[in-house]
Amino acid sequence: LSLGDNQFNGSIPSELGDLTSLTILSLDGNQLSGSIPTELGDLSRLKTLSLRSNDLSGSIPTELGNLTALTYLDLTGNQFTGAIPAEFGNLTALPSLDLSSNQLTGSIPTELGKLASLRTIDLGHNQLTGSIPPELGDLTSLIKLYLYNNQLTGSIPAELGNLTSLTHINSSNNSLTGSIPTELGNLTSLTTLRLDSNQLSGSIPSELGNLTTLTYLTLNSNQLSGSIPSELGNLTTLTYLRLDNNHLAGPLPQWL
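Further remarks concern the environment of Leu176. Note on placement: Leu176 falls in the loop between β11 (168-170) and β12 (192-194). Relative accessible area serves as the criterion here: at 0%, Leu176 is assigned to the buried category. The residues touching Leu176, leaving out its near neighbours within four places in the chain, are Ile132, Leu152, Thr153, Gly154, Ile156, Ser171, Asn198, Gln199 and Leu200.

Here's what the structure looks like:
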């Protein structure tokens, strides 16, 4: 059932929960409002659920955690509030979790670390608090990790250094503290590393010089100190570099 990109309004009918043979439900790009009916949690055969770009609100029902056949879930671009359900840890077939551009609060559930098939997490542009769970370091298939524009605190887990398939990290515009883990130097597939606009301190790890495929590096608007490591001169594919608004000192390196 695909009704996307129209001008439908009103609420999602709870009666859709009676369509127990449904495998695809796409209602994205409309003007739907109200909350997600809990009855959608009865669609045990559902593989695709796309509700992005509507005016939906309320909390995300925990019953969606029953949809263990899901291989596509997109709730981005709505007005959802409340916490990310811990029950999403049951969606073990899911390769992508996109909850960005909502008003979600609370912490990132540690249960997301069970989703071994995940290749993309996008929780950006919400109001999430708490720290980044070290359990995310178990998601060894992860390629993209987007946590930007939230209110996350605490340090960056060293366990993220286990995610050697990562190509993109964006944790900018949060309130992260502590030092940049040297373990991020293990992520040799990274092309984008954005940690700007936080409260990170300490020096820039020389290990970042191992990220020779990096094209985009932003560490600006933190509280970093010390000198610019000469090892960053190994990043010959860089096209964008920002280190401004820190407390860096010492001579400008020749490689610049």
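Now for the sheet that holds strand β2 (residues 24-26). The sheet built from 10 strands is open, its strands ordered β2-β4-β6-β8-β9-β10-β11-β12-β14-β16 with parallel pairing. Here the strands that pair on one side only, and so sit at the sheet edges, are β2 and β16 (240-242). The mean inter-strand angle of the sheet, taken between neighbouring strand axes irrespective of direction, is 10 degrees. With two bridges joining them, strand β6 (residues 72-74) and strand β8 (residues 96-98) adopt parallel strand pairing. Across the sheet, Leu73 pairs through a bridge with Leu97, a residue of β8.

To continue, consider the environment of Thr120. As for its placement among the helices and strands, Thr120 is situated in strand β9 (residues 120-122). Between the C-alpha atom of Thr120 and that of His168, which follows or precedes it by 48 residues, the distance is 9.5 Å. Non-local contacts of Thr120, meaning those with residues more than four positions away in its chain, are made with Pro95, Ser96, Leu97, Leu142 and Lys144.

Two descriptors summarise a pair of aromatic rings, namely the distance from one centre to the other and the angle between the planes of the rings. This structure, assessed with the given rule, holds two aromatic pairs. Arranged with centres 6.3 Å apart and planes meeting at 70 degrees, the rings of Tyr146 and Tyr148 form a pair that is edge-to-face. The pair formed by Tyr146 and Tyr148 is uniform in burial state, with each residue classed as buried. Where Tyr216 meets Tyr240, the ring centres are 4.6 Å apart and the plane angle is 15 degrees; that geometry is what we call stacked. Here Tyr216 is found in strand β14 (residues 216-218), whereas its partner Tyr240 is found in strand β16, with 24 residues between them in sequence.

Rules and cut-offs
Residues numbered from 1 in each chain as written. Predicted model: local features only at pLDDT ≥ 70, side-chain atom pairs only at ≥ 80, totals over all residues. Heavy atoms only, no water. Helix = DSSP H or I, 4+ residues; strand = E, 2+ residues; numbered from the N terminus. Buried < 20%, exposed > 50% of the residue type's maximum accessible area, 1.4 Å probe, protein only. Contact = heavy atoms within 4.5 Å. Pairing = 2+ DSSP bridges. Axes fitted to C-alpha atoms, helices over the stretch in contact; angles between N-to-C directions. Phe/Tyr/Trp six-rings, centres within 6.5 Å; stacked < 30°, edge-to-face > 60°.

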